[in-house]
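Geometric and topological summary
What follows is each chain in one-letter form.
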Amino acid sequence: MNSSQEEKQAVPSEKMSYWNEQRKGTNFMNSTSLPDNYGAAKEQGIEFVRLAPDKWSKDRDFLFNDKPDANINADFLIGSSDKYVGIVEADFARLKADLDAAEAKGMKVIITVLSLPGDRWRQFNGAKNDDRIWNDTEYHKQAAQFWKDLAARLKNHPAVIGYNLINEPHPETGTGFHDFWTQDYSDWYAKVEHTAADLNSLYDTITKEIRTVDQTTPIILDSGLYATPWAFTYLKPINDPNVLYAFHMYEPYEMTSQNKKKGFTYSYPGSVKVGDDEREKEFNHQALKQFVEPVAKWASDHNIPANRIIASEFGTNRMVQGAERYMSDLISIFNEYGWHWAFYAFREDTWDGMDYELGSEKPNWKYWDAIEKGEQPLRGTVDNPIWNEIKESLTK
């Protein structure tokens, strides 16, 4: 990097100034581009959208009807996670049109991806983790080239206010660490530092490549083990004024991931069995705050201001008893710290479990009829506690 580039990086960019005040957003991870949702989100007081377009490369039968994946080697934008050779032009045209629609509605967008070279998203990989990127730095180079190519095309797009380099990275899973409740991060990281399994090395490689073509768009880095707050322990800040750091919050997962098939054993607040040893732990407002405390401690230790932290995904199945209180407690904690936040999700079309406008009831036949036709169902017609909590928090 030359001296003039370093001078440009000396102060936060104009795009970074968007994040100077607390922002409240949501996630779009739908089966296809749904541009009308930007306007609907804007009407609800949502300020930004975290967009993952990866599902756009898959057939409806695979996404909606549990049929085999007819495009198993097709990964949106990157072509194939087996080897990156260039951005797929047809995919980029669809993404560009979607971002143009967001701009037309006055919505800001964080771009993220579920797959990188050597790291195909688990749900597109036979429900198995793809850990190649954590074992071979050649995939680090391919990932960096992909992001460099994408940044060169998107750096001047007015809707784009962040590149979230990879959704929920998990170097731990390929290297013997999987349970933060019972395992020690210090011991694990000492073994993988400076190897392909070092998330910091991956981020350093990608960030440096992006900055050769785009010095101003904010870069957003998830913590490890699926963006758990606990993995901030080993995350290293990057010397760049246009970087933010992100985590996800679905804990206790045993509670938030409940569904009709699993059954609804747990409620909030309440006791939940967690970790490999299945120990009972009481979850309430205090316990949730303790769970995200590693983020606050890390930020304090490294002098990272609150406006550079994003709780970029959080949520619970809307049918869990106490779901509205769980969401309210999390939002109050994020607001107390002054962190940006984005709930999961707004008008998800492939799954209704976190479509909070539906309340706690099962969708009716009109909902499924619209989904079958590829249309967006009517929502927001029922007054419900969980959506009221979210909507009120968006407009405060």
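Refer to the structure presented above.
Nothing here was measured: the structure is a model prediction, and the numbers come from that model.

Right, let's get into the overall build of the chain. The helix and strand inventory of the chain stands at 13 helices and 10 strands. Relative to the 2.2 N^0.38 estimate, which gives 21 Å for 396 residues, the radius of gyration of the chain is 20 Å and therefore close to what a compact globule would have. A principal-axis box enclosing the C-alpha atoms of the chain has dimensions of 60 × 45 × 45 Å. Expressed as a percentage of the 396 residues in the chain, the buried residues total 56%. Here the contacts in the chain between residues at least 6 apart in sequence split such that 73% fall between residues at least 24 apart. For the chain, the exposed surface amounts to about 16,800 Å²; the carbon and sulfur share of it is 47%.

Another point: the packing of aromatic side chains. What the rule picks out here adds up to 37 aromatic pairs. Relative to Y234, the ring of Y185 has its centre 5.4 Å away and its plane inclined at 45°; by these criteria the two rings are tilted. One end of the pair, Y185, is in helix α6 (residues 185–192); the other, Y234, is in the loop between α8 (224–227) and β6 (243–249), and 49 residues separate them in sequence. A ring pair is formed by Y189 and Y234, whose centres lie 4.9 Å apart and whose planes are at 25°; its orientation type is stacked. Placement of the pair is Y189 in helix α6 and Y234 in the loop between α8 and β6, with a sequence separation of 45 residues. Each member of the pair, Y189 together with Y234, is buried. Here a set of aromatic residues connected by ring pairs shows up, and it is made of F28, Y38, F343, F346, Y356 and W387. Sitting over the ring of F124, K58 keeps its end group 4.9 Å from the ring centre.

Before going further, it helps to examine empty space enclosed by the protein. In this approach the atoms are scanned with a rolling probe the size of a water molecule, which exposes any empty space left behind. The tally for this structure, following the rule as stated, stands at one cavity of 30 Å³ or more. Taken as a whole, the largest cavity holds about 50 Å³ of empty space. Across the lining of the largest cavity, the residue classes tally to seven nonpolar, three polar and one charged.

Glancing now at the packing of helix α10 (residues 285–301) against helix α11 (residues 323–337). Look at α10 against α11: their axes get within 10 Å of each other, and the N-to-C directions meet at 40°. Comparing the axis directions of α10 and α11 gives the class oblique. For the element pair α10 and α11, the recorded crossing hand is right-handed. Where α10 abuts α11, its residues H285, L288, K289, V292, E293 and A296 lie against Y326, D329, L330, S332, I333, E336 and Y337.

So, about the sheet that holds strand β9 (residues 309–314). The eight strands lie next to each other as β1-β2-β3-β4-β5-β6-β9-β10, forming a closed barrel whose pairing is parallel. For this sheet, the mean inter-axis angle between neighbouring strands, taken without regard to orientation, is 25°. In terms of strand pairing, strand β5 (residues 219–222) meets β6 through four bridges, oriented parallel. Note on β6: the bridge partner recorded for I220 is L244.

So, on to the side chain of K15. Along the chain, K15 turns up in the loop between α1 (3–8) and β1 (24–28). No salt bridge is formed by the buried K15; its nearest oppositely charged neighbour, D214, is found at 6.1 Å. Engagement of the side chain of K15 in a polar contact is seen with the backbone oxygen of K155, the distance being 3.3 Å. Setting aside its immediate chain neighbours within four residues, K15 contacts L154, K155, H157, V160, T216, T217 and P218.

Positionally, R347 belongs in the loop between β10 (340–343) and α12 (365–372). Overall, the relative accessible area of 15% leaves R347 in the buried class. One polar contact links R347 to E357, side chain to side chain, over a distance of 2.8 Å. Non-local contacts of R347, meaning those with residues more than four positions away in its chain, are made with N30, N37, A40, Q44, D355, E357, Q376 and R379.

Counting buried positions over the five residues of strand β4 (residues 160–164) gives five, a clear majority of the element. Handedness of the crossover joining strand β3 (residues 108–112) and β4 through helix α5 (residues 137–154) is recorded here as right-handed. Looking at chain direction, β4 and β5 are connected through two bridges and run parallel. For Y163, the partnering residue across the bridge sits in β5 and is I219.

The next thing to look at is the packing of helix α4 (residues 89–104) against α5. At their nearest, the axes of α4 and α5 sit 12 Å apart, and the two run at 45° to each other. Considered as vectors, α4 and α5 are oriented oblique to each other. Note that α4 runs across α5; the crossing there is right-handed. Touching E89, F92, L95 and L99 of α4 are L150, R153 and L154, all from α5. By residue class, the composition of the contact of α4 with α5 is five nonpolar, no polar and two charged.

Analysis parameters
Residues numbered from 1 in each chain as written. Predicted model: local features only at pLDDT ≥ 70, side-chain atom pairs only at ≥ 80, totals over all residues. Heavy atoms only, no water. Helix = DSSP H or I, 4+ residues; strand = E, 2+ residues; numbered from the N terminus. Rg over C-alpha atoms; globule rule 2.2 N^0.38 Å. Buried < 20%, exposed > 50% of the residue type's maximum accessible area, 1.4 Å probe, protein only. Contact = heavy atoms within 4.5 Å. Areas by Shrake-Rupley, 256 points an atom, 1.4 Å probe, with all protein chains shown as cover. Phe/Tyr/Trp six-rings, centres within 6.5 Å; stacked < 30°, edge-to-face > 60°. Lys NZ or Arg CZ within 6 Å of the ring centre and 35° of its normal. 1 Å grid on protein atoms, 1.4 Å probe; cavity = no way out; pocket = protein on both sides within 12 Å on 5 of 7 lines; lining within 4 Å. Points joined across faces, edges and corners; volume = space filled by probe spheres on them. Nonpolar A, V, L, I, M, F, W, Y, C, P; charged D, E, K, R; others polar. Axes fitted to C-alpha atoms, helices over the stretch in contact; angles between N-to-C directions. Parallel < 35°, antiparallel > 145°, perpendicular 65-115°, else oblique. Left-handed = near helix turned anticlockwise from the far one by under 90°. Pairing = 2+ DSSP bridges. Lys, Arg positive; Asp, Glu negative; His and termini not counted. Salt bridge = Lys/Arg side-chain N within 4 Å of Asp/Glu carboxyl O. Polar contact = N/O pair within 3.5 Å; in protein donor to acceptor, adjacent residues only side chain to side chain. Right-handed = clockwise from strand over helix to strand, strands pointing away.

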